[in-house]
Amino acid sequence: MKSLSLLGVCALLCFTVRTSLATVTFMEATQEMRDWCAERHCNPMESYDLVVGETIMFNITAIHNQRSQNATIAVLSNPGLPNEAHLTGVVMLNFSVDENRTVHWAAQRHITFTPTANQEGLTFQVCFNAFNVDNQADATQLCIPLHVKAPVPTFHVNLTASSEGRLAVGVNCPVVLPLVAMDGGDSGYCMRVHPGRIGAGDQGMPFGAQLRMVSQAASQQRGAYDGCGPVAFEIIWYPRRGLEGASYTLCAHAGDTFCEGNGLRGRVCTERKVERCYHIDVVKCQYCLGAGETIMAAAARYRTDWLQLWAANAHLTTPDTLPAYQPLTLGPTYVVRASDTLQSLSMRFGTTASNILDANPDVDLVNNVASLEVGDEICILPWVCLTEQESYAAGAYIANQ
C-alpha cells in the first residue's frame, strides 16, 4: 500500500464497516495490522490545524472485516466539503500483513485542502460515510475538523513600551518607543506595522515623528501569509521648539491583510489589526542638547546666560563636555495667579514680555492681551543681552542643523 504525504503530513484515517458477523477496524483487527499501521504513521488524527495557503493531504480508508471488496466511502452532503477541498475517487487496495499472507482489501480515497484568504478563522467539519455496497445500513461515519487559523495581531507585552499614563518630555528630547508586533495565535502570520491610527492614515503621528523597523524574526513557513516571527519597530520623535505646553498622541498599528480574487471577480480583502497609542506632553523649561551642541549655544538659543543655565542644573559637574541629548532645565516655572498679567510678570522676573511669549508658545495674544489662565504654568527665563560670541555660538550651531 503506497503512502501519500505533503509537507511531512501523512495521515491514514481508517473506518470500520459493520456486518452482521463482527465489527473490526483497520488498526485493531490484528496486532500485525496495528504494528503495520503504526510504522507508516497512518493512525487517525482527531483534527487538523492549518494556516491560509497551507496544503494538507491525507487518505480515508475503509476495510471490510470479511476481506471482501464490498467497502466504499462517500462524503456526507451535510456539511459537505469546504471550497478548495478535493476528493479523489475510490481506489481498491490489497495488502498482506500476517505470516499467512492473508490478502485484505480496502477502499481508499484521497483528500487535499488548501484554505484561501477568505477562510481564515473558520472550522470545517468534513464527514465521511463508509458502508457495505451490498447493505448501506451496514455503515460507520467519521468527521474530521479542519481548523483554519486566523492571525491574531498583538503587541508583545514585555517588549513593547507600555501605553499607560502620560510621558513628559522637553524640547529636542528623544522619544523612543519600542514596538514588537507578533501573531498572538502562534501561527507565524506576518505582521505589518504602520504609523498612525487604524483607518486614519498617518494621523496620530505629529510632525517629525518616524516609525522605523529594527528587526524581523522568521519562523517555518507553511502557507502563503506566514513564516514570520515577531517584528520590532521604534517610534522616534524629537519635539521641536514651539510645541511647549502642548500634548500629542503617537500611534502605530499592526496587522495582516489577506486578499483573494482579481479581474472580473473583484478583489476581496480581510483585515485584522490592533493599534497602540502613546500620550506625550511637551513640558516647558526643559531642553535636550543636540549632537555637538554646547551649553553656551543652548543658552544663546533661549536668550539666556550659560552661567544661569549651568546654575539651574546643579547636577552637571562641568559645562564643557556634555553628551548629546543631555536634558537641561532652562529655568523655573511659575503658576499664574488671578492678578497676573504678562507685563506684571515681565517686571517681576526681570525679563521682557516677548521673551515670556517666546518660552511659552501656548500663550496666545488676544487684542495684545496675553490669555493667561489661573493655574497655568509659565516658563520664566531671565533675559540677558547676548554678547557677540554668544550670538555667534548659537547661530553657528543652528546653521549646521
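Scope of this entry: the structure provided in the associated data block. Quick caveat: nothing in here was measured; it's all calculated off a predicted structure. (Residues numbered from 1 in each chain as written. Predicted model: local features only at pLDDT ≥ 70, side-chain atom pairs only at ≥ 80, totals over all residues. Heavy atoms only, no water.)

Points about the pattern of salt bridges
Tallied over the full model, the rule gives 10 salt bridges. Where R192 meets D256, a salt bridge forms, and the shortest distance between an N and an O atom there is 3.2 Å. Here the residue R192 occupies a position in strand β13 (residues 192–195), and D256 occupies one in strand β16 (residues 247–260), the gap between them amounting to 64 residues. One salt bridge connects E293 with R301, and the closest N-O pair in it is separated by 3.5 Å. For E293, a relative accessible area of 4% gives the class buried. (Salt bridge = Lys/Arg side-chain N within 4 Å of Asp/Glu carboxyl O. Helix = DSSP H or I, 4+ residues; strand = E, 2+ residues; numbered from the N terminus. Buried < 20%, exposed > 50% of the residue type's maximum accessible area, 1.4 Å probe, protein only.)

Some remarks on the nonpolar core
Ranked by size, the top nonpolar core spans 64 residues in total, and within it F58, F113, L146 and W237 carry the most contacts. Tallying contributions element by element places strand β17 (residues 268–288) first for this core, with six residues. Sequence-distant contacts of W237, defined by excluding residues within four places in its chain, comprise C173, P174, V175, P206, F207, G208, A209, L243, Y248, L250, I280 and V282. Listed in part, the 10 residues of the second largest apolar core include Y334, L345, V363 and I380. (Core = buried A, V, L, I, M, F, W, Y, C linked by side-chain atoms within 4.5 Å. Contact = heavy atoms within 4.5 Å.)

Details of the pairing of strand β9 (residues 135–148)
Here strand β2 (residues 48–50) pairs with β9 via three bridges, running parallel. Along β9, the bridge assignment pairs L50 with V148. Pairing of strand β8 (residues 123–132) with β9, which is carried by 10 bridges, proceeds in the antiparallel orientation. By the bridge assignment, N132 is partnered in β9 with N135. Taking the residues that link successive antiparallel strands as the turn, the β8-β9 hairpin has two residues. (Pairing = 2+ DSSP bridges.)

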